[in-house]
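One-letter residues, chain by chain:
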Amino acid sequence: ADSMKKKWWAGLMAALLLGPTAVWAQRYGGGEVEVDVVSDRGRTLPEYPVRGEGGGGVYKAYLEARRGQNYSIQIRNRTNQRVGVVIAVDGRNIISGDRSNLRPDERMYVLGPYQQESYDGWRTGKNRVNRFYFTDAGDSYSGAWGDYSAMGVIAVAAFREAERSQPQPWSQEGPGYSDQRGLRRAPSSAEGAPRSMPAEPGTGYGETERSPSRRVEFDPERRPFAQVFLKYA
């Protein structure tokens, strides 16, 4: 774990020195799916790509987090087809709250052709989420479950829709997702989290906010065509 952490920090420092040059050009698949992290003030946080890694439909970059800052995950589908996106923050699926392996059988959001949506928090019901905010690992949602295995990572896996015999109707009225059940409520105040642990970055379980959604039918392919990993520190 310590060696992995050192590699992350070494890479982050190198990326910060190089600057965010050619970030847009290096997005996976010529821009079929774009993932940004946006502050409440509408500022897109700069991404510092990990050079020499990725490939095979994988994009990796670093972000600089500011403790206490609310944020949203903005995803744009630049294809002419529907896509499903599994989103995990600190290793937890943001709809179910379960441990995520970015698999096609997990709960996911669905984007229509050329649609862009912002995902503001942990979904706790059909019409509400609890906001994302940058914090320490001990105050994070994942930390409340004692799960520090993917702390400080925002991950997205995008899936194309499996072919159907008949096309399915789609409405642009709000984001869709594959299951209307909300995530499990974490233990309050991250109880049980080790207080002696270092102040590593994590994402908290913030204030409740209205966020309407609806269930749609979507049968994903077995493998993602794009994966994005954003490491924040």
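Just so it is clear, the model here is predicted, and its values are computed rather than measured.

**Q** Help me understand the pairing of strand 4 (residues 70-77), please; the structure alone is not making it clear to me.
**A** Consecutive residues of a regular strand have side chains that alternate between opposite faces of the sheet. In terms of residue burial, strand 4 counts as a mostly covered element, since six of its eight residues are buried. Pairing between strand 1 (residues 33-39) and strand 4: seven bridges, direction antiparallel. Counterpart to Val33 in the pairing with strand 4 is Asn77. Inspection of the sheet shows strand 4 paired to strand 10 (residues 128-136) by two bridges, in the antiparallel sense. If you follow Tyr71 over to strand 10, its bridge partner there is Phe132. Where strand 4 meets strand 8 (residues 116-119), four bridges bridge the pair, whose relative direction is antiparallel. When the sheet's bridge partners are listed, Arg76 is paired in strand 8 with Gln116.

**Q** What is the right way to look at the packing of aromatic side chains in this model?
**A** Working definition: an aromatic ring pair is given by the centre-to-centre distance plus the angle between the planes. Counted under the stated rule, the structure contains eight aromatic pairs. Here Trp122 and Phe132 contribute two aromatic rings whose centre-to-centre distance is 5.4 Å and whose plane-to-plane angle is 80°, an arrangement assigned as edge-to-face. A residue pair is termed long-range when its members are at least 10 positions apart, and Trp122 in strand 9 (residues 121-125) and Phe132 in strand 10 qualify at 10 residues. A network of ring pairs unites the aromatic residues Tyr71, Trp122, Phe132, Phe134, Tyr141, Trp145, Tyr205 and Tyr232 as a single cluster. The ring of Phe225 carries the charged tip of Arg160 above its face, separated from the ring centre by 4.0 Å.

About the thresholds
Residues numbered from 1 in each chain as written. Predicted model: local features only at pLDDT ≥ 70, side-chain atom pairs only at ≥ 80, totals over all residues. Heavy atoms only, no water. Buried < 20%, exposed > 50% of the residue type's maximum accessible area, 1.4 Å probe, protein only. Helix = DSSP H or I, 4+ residues; strand = E, 2+ residues; numbered from the N terminus. Pairing = 2+ DSSP bridges. Phe/Tyr/Trp six-rings, centres within 6.5 Å; stacked < 30°, edge-to-face > 60°. Lys NZ or Arg CZ within 6 Å of the ring centre and 35° of its normal.

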